[in-house]
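This is what each chain is made of:
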Amino acid sequence: MMRLLENFHKRAGIDLGTANLLVYIKGQGITVNEPTLVAVNNRTNQILAIGSEAKKMLDRTPAHVTLIKPLMNGVVSDFEITEEVLKHSLRQAGGNTFFSRYQLVAITIPTDLTEVERKSVEDAAIASGASRVKLVEEPIASAIGIRLPIEDPTANMIVNIGGGTTEISIISVGGAVVSRSVKVAGQQLSDDIIKFIKNEHKLLIGEPTAEELKINIGSAVPIDERLEMPIRGRDISSGLPKEVVVKNTHIKAALQKSLKSISDTIKSLLEEAPPELVGDVCEKGIYLAGGGSLLRGLDKYIEKEISVKTILVDDPLTCAVRGLGIIIEDPKNYETILSNQERPKPIDL
Ligand SMILES: Nc1ncnc2c1ncn2[C@@H]1O[C@H](COP(=O)(O)OP(=O)(O)OP(=O)(O)O)[C@@H](O)[C@H]1O
Ligand SMILES: [Mg+2]
């Protein structure tokens, strides 16, 4: 009987990111944590693999296999595939139960979506088995995930650096008072590295190699250690495979322009925010979340650029989905926040 009742109240939180898809199931916790990637047979349009299975194929696919990232900068760029991914994840997450529909699905979105874009996320969730959908802006979800007291009348600033977008919000009394979103995040940093290696070493490398360089030897500020990484790619002039050794100082230099544009966006939001909020932020600091914030020394870099204490949150890759988890475990407690999220846009200055 209990099991039957539980099935009536199936609820899920989905952090549908440009790079990673995470699902939290009520009563279970995080059950899906996979790259947002789909391998499709372009002759038959059949989905061959989703998530980590598809990622293994990245840059190594035969001609009839296409790898699709169904989200671009947090926006659904391929509706059908997004729907399939959501269906697959909810099935994988929820097991085989008789009641297949979810009573409530909370899902993260970037702060600056248009009504049409919000609707496309909502529609994909409904088509994949949700009776009711609640959209939650990513910084709000992250702030709840790290248990910031966001319902208090003091301001908290959260910067979520994901794969596709950096979302910056100052949150107070359960809603975003000001926010900004820029399309400079983890993906752009990897692209910067691809470009740098091409210009500097006349070598073509793929995205997985660029990401490895970023994660293994990349940094935002100078570091004490001297890190190096050998990489292989295709020599531009000869077209043949070539190996070069890349130094951490080079990667740091390659990332500076994009990092500057992230910190400039934080700065401009602070410059335009009401002074009382800025006072609160100066006192409490800036919270960094999202996978991109794991870049070595990024907290130090932002602290130096903005002159405000900057805190890297615990487990930045999962804080948004954990926030959704907290909401769906106890939605009544978060009614104000959920209804705040229904406004098409927070007051933008
Ligand atoms: N240790 C690390 N150092 C630097 N970057 C990292 C590290 N670990 C992960 N990343 C980067 O974090 C990004 C993914 O972060 P995250 O999962 O938060 O993004 P997302 O939620 O899918 O994207 P978005 O929120 O923009 O839609 C990737 O670009 C990845 O390369
Ligand atoms: Mg994200």
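Residues numbered from 1 in each chain as written. Chains lettered and ligands numbered in written order. Predicted model: local features only at pLDDT ≥ 70, side-chain atom pairs only at ≥ 80, totals over all residues. Heavy atoms only, no water.

Summarise the domain arrangement of the protein; cite the residues concerned and give the values.
Segmenting the protein into domains produces domain 1 (2–36 + 72–141 + 319–340), domain 2 (148–184 + 257–312) and domain 3 (186–254). Of note, the centres of domain 1 and domain 2, computed from C-alpha atoms alone, are 25 Å apart. Regarding the contact of domain 1 and domain 2, the summed buried area is about 1300 Å², with carbon and sulfur atoms giving 56% of it. Taken as a group, N73, P139 and I140 account for 38% of the area that domain 1 buries against domain 2, more than any other trio of residues on that side. The interface formed by domain 1 and domain 2 holds zero salt bridges in total. (Domains from an automatic or database assignment. Buried area = accessible area lost by both parts, 1.4 Å probe. Salt bridge = Lys/Arg side-chain N within 4 Å of Asp/Glu carboxyl O.)

Tell me about the packing of aromatic side chains, residues and numbers included.
Scanning the entire structure with this criterion turns up zero aromatic pairs. Between K10 and the ring centre of Y102, over which it is positioned, the NZ or CZ distance is 4.5 Å. (Phe/Tyr/Trp six-rings, centres within 6.5 Å; stacked < 30°, edge-to-face > 60°. Lys NZ or Arg CZ within 6 Å of the ring centre and 35° of its normal.)

Go over the nonpolar core with me, naming the residues and quoting the values.
Counting residues in each nonpolar core, the largest one holds 45 residues, and the members touching the most others are I170, L213 and I266. Sort the elements by how many residues they give to this core and helix α8 (residues 248–272) lands first, with eight residues. Looking at which domains feed residues into this core, each of domain 2 (148–184 + 257–312) and domain 3 (186–254) supplies at least three. Non-local contacts of L213, meaning those with residues more than four positions away in its chain, are made with I193, I197, I205, G218, M229, I231, V246 and I251. Grouped together as the second largest cluster of nonpolar side chains are 29 residues, I81, V105, V133 and L135 included. (Core = buried A, V, L, I, M, F, W, Y, C linked by side-chain atoms within 4.5 Å. Buried < 20%, exposed > 50% of the residue type's maximum accessible area, 1.4 Å probe, protein only. Helix = DSSP H or I, 4+ residues; strand = E, 2+ residues; numbered from the N terminus. Contact = heavy atoms within 4.5 Å.)

Let's hear about the site of ligand 1: which residues, and what values?
The full set close to ligand 1 counts 20 residues, and T18, A19, N20, E211 and K214 are the nearest of them. Between T165 and ligand 1, the recorded distance is 2.9 Å, taken from a backbone N or O atom to an oxygen atom. Between ligand 1 and K214 there is a distance of 2.7 Å, counted from an oxygen atom to a side-chain nitrogen or oxygen. Out of a free accessible area of 670 Å², ligand 1 has 90% covered by protein chains. Looking at the shell around ligand 1, the elements with two or more residues in it are α6 (186–201) and α7 (207–217). (Near = heavy atom within 4 Å. Polar contact = N/O pair within 3.5 Å; in protein donor to acceptor, adjacent residues only side chain to side chain. Areas by Shrake-Rupley, 256 points an atom, 1.4 Å probe, with all protein chains shown as cover.)

So what's going on with α7? Which residues, and what values?
Because each turn of an α-helix spans 3.6 residues, side chains separated by three or four positions end up pointing in the same direction. Within the sequence span of α7, burial applies to A210, L213, K214 and I217. Mapping the buried residues of α7 onto a view down its axis gives an arc of 115°, with all of them on the same face. Against the buried residues of α7 lie α6, β15 (228–235), β16 (241–247) and α8. (Arc of directions from axis to C-beta.)

Account for unusual backbone geometry, with residues named and values stated.
The residue R147 is not glycine, and still its phi comes out positive at about 60°. Considering the arrangement of structural elements, one finds R147 in the loop between α5 (138–145) and β11 (156–161). Positive phi, normally seen in glycine, also occurs at D315, with a value near 50°. Within the secondary structure, D315 is located in the loop between β18 (310–312) and α11 (319–329).

Go over the pairing of strand β4 (residues 38–41), please, and point to the residues and values.
Of the two faces of β4, both are covered, the one formed by V38 and V40 as well as the one formed by A39 and N41. Remark: four residues form the turn of the hairpin made by β4 and strand β5 (residues 46–50), two consecutive strands paired antiparallel; N45 in that turn has positive phi of roughly 65°. Pairing of β4 with strand β6 (residues 65–68), which is carried by four bridges, proceeds in the antiparallel orientation. By the bridge assignment for β6, V38 is matched with I68. (Pairing = 2+ DSSP bridges.)

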